[in-house]
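Read off the chains here:
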Amino acid sequence: MKRTVNVALGAAMSLLVLGTNASLAPAFAQEPVTVGGAPMFANKNIIENAVNSKDHTTLVAAVKAAGLVDTLMGPGPFTVFAPTNAAFGKLPTGTVDTLLKPEQKAKLTAVLTYHVVPGNLTGAQLMADAKAGGSKATLKTVQGETLKVAMAGGKLEVIDAKGGKSTVTIPDVKQSNGVIHVVDTVLMPK
């Protein structure tokens, strides 16, 4: 019996030392959520995960152009409502190209930081906050303005300052420095 325990313990230690992949991970480990065809690992930060999502290449380019990479790699925690490429595609023609110009950096930064809320707010917490707030909860963004979250058809909906609505399509993508909620529409500040 002692030999069996020692062998099992040795194998477990080898996996820890050598690293594991998802197929070898212990049963209690959380499986990574797949976003844009790539696994999002809870032990990586927002940027380390986002750069692998083929659905977030526009967002990553915008974060780089705004100089926010180091911030979103920081300790946080941050709750990020992450628009997909298709969400950016809903904007009027030329909007993204204009925002990516160096002279538009302040405006781009304002739009991007409007998608970030301090803290680690899970979907369950956002739903509870909305319920406690009489169907809507108000969140203060890093940009300084507010967003509202509400339940709509069993899903979380985020409402911007102009009344635009974005649905959370993939909630609770855990990161080492917060959580990402994938959204289908770009949120716009005033």
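Residues numbered from 1 in each chain as written. Predicted model: local features only at pLDDT ≥ 70, side-chain atom pairs only at ≥ 80, totals over all residues. Heavy atoms only, no water.

What the chain contains, in helices and strands, is eight helices and nine strands. Taken over 190 residues, the chain has a buried fraction of 37%. Entry remark: accessible area of the chain is about 10300 Å², with carbon and sulfur atoms responsible for 60%. (Helix = DSSP H or I, 4+ residues; strand = E, 2+ residues; numbered from the N terminus. Buried < 20%, exposed > 50% of the residue type's maximum accessible area, 1.4 Å probe, protein only. Areas by Shrake-Rupley, 256 points an atom, 1.4 Å probe, with all protein chains shown as cover.)

Turning next to the sheet that holds strand S4 (residues 116-118). The seven strands are arranged S4-S3-S9-S8-S7-S6-S5 in an open sheet whose pairing can be described as mixed. A strand with exactly one partner marks an edge of an open sheet, and here the two such strands are S4 and strand S5 (136-140). If you compare each strand with its neighbour and ignore which way they point, the axes differ by 30 degrees on average. (Pairing = 2+ DSSP bridges. Axes fitted to C-alpha atoms, helices over the stretch in contact; angles between N-to-C directions.)

Attention now goes to the pairing of S5. Only one face of S5 is buried, namely the one carrying Ala137 and Leu139, since none of Lys136, Thr138 and Lys140 on the opposite face is buried. Pairing analysis gives five bridges linking S5 to strand S6 (residues 146-152), with the strands arranged antiparallel. In the strand pairing of S6, alanine 137 is matched with valine 149. Counting the residues that bridge the hairpin from S5 to S6 gives five residues, and of these glycine 144 lies at a positive phi of roughly 115 degrees.

Those residues of helix H3 (residues 57-66) lying buried are Leu59, Val60, Ala62, Val63 and Ala66. Here the buried residues of H3 occupy an arc of 160 degrees about the axis, which is enough to place them on one side. Of the surrounding elements, those touching the buried residues of H3 are helix H2 (46-50), helix H4 (69-73), strand S3 (78-83), helix H5 (85-89) and helix H7 (105-113). One or two residues past the end of H3 sits glycine 67, with phi positive at roughly 75 degrees. (Arc of directions from axis to C-beta. Contact = heavy atoms within 4.5 Å.)

What follows deals with the packing of H3 against H7. Two elements in contact, H3 and H7, have axes whose closest approach is 9 Å; the angle formed by their N-to-C orientations is 125 degrees. For the element pair H3 / H7, the angle class is oblique. When you trace H3 past H7, the crossing you get is left-handed. Mapping the contact onto sequence places Leu59, Ala62, Val63, Ala65 and Ala66 in H3 and Lys105, Leu108, Thr109 and Leu112 in H7. Tallied by class, the residues present in the contact of H3 with H7 amount to seven nonpolar, one polar and one charged. (Parallel < 35°, antiparallel > 145°, perpendicular 65-115°, else oblique. Left-handed = near helix turned anticlockwise from the far one by under 90°. Nonpolar A, V, L, I, M, F, W, Y, C, P; charged D, E, K, R; others polar.)

Take empty space enclosed by the protein next. On inspection of all chains with the given rule, the structure shows two cavities of 30 Å³ or more. Size it by volume and the largest cavity reaches roughly 190 Å³. Breaking the lining of the largest cavity down by element, the ones donating at least two residues are H2, H3, S3 and strand S9 (178-183). Counted by class, the lining of the largest cavity contains 18 nonpolar, four polar and no charged residues. The volume enclosed by the second largest cavity comes to roughly 40 Å³. Lining the second largest cavity are Thr58, Ala62, Phe88, Val96, Leu99, Leu100 and Leu108. For the lining of the second largest cavity, the secondary-structure elements that each account for two or more residues are H3 and helix H6 (95-99). (1 Å grid on protein atoms, 1.4 Å probe; cavity = no way out; pocket = protein on both sides within 12 Å on 5 of 7 lines; lining within 4 Å. Points joined across faces, edges and corners; volume = space filled by probe spheres on them.)

On to the nonpolar core, then. Val63, Leu72, Val80, Leu112, Ile180 and Val186 are the most contacted members of the largest nonpolar core, which has 28 residues in total. When residues of this core are traced back to their parent elements, those giving at least two are strand S2 (38-40), H2, H3, S3, H5, H6, H7 and S9. Ranked by residue count, the leading element in this core is H3, at four residues. Setting aside anything within four residues of it in sequence, one finds valine 80 in contact with Ile46, Leu72, His115, Val116, Val179, Ile180 and His181. Ranked by size, the runner-up nonpolar core spans 14 residues in total, among them Phe81, Leu121, Leu147 and Val168. (Core = buried A, V, L, I, M, F, W, Y, C linked by side-chain atoms within 4.5 Å.)

Take the side chain of serine 166 next. Relative to the assigned elements, serine 166 resides in strand S8 (residues 165-175). Side-chain polar atoms of serine 166 contact the backbone nitrogen of aspartate 184, separated by 3.4 Å. Engagement of the side chain of serine 166 in a polar contact is seen with the backbone oxygen of threonine 185, the distance being 2.9 Å. When sequence neighbours within four positions are dropped, the list of residues in contact with serine 166 reads Leu156, Glu157, Val158, Val183, Asp184, Thr185 and Leu187. (Polar contact = N/O pair within 3.5 Å; in protein donor to acceptor, adjacent residues only side chain to side chain.)

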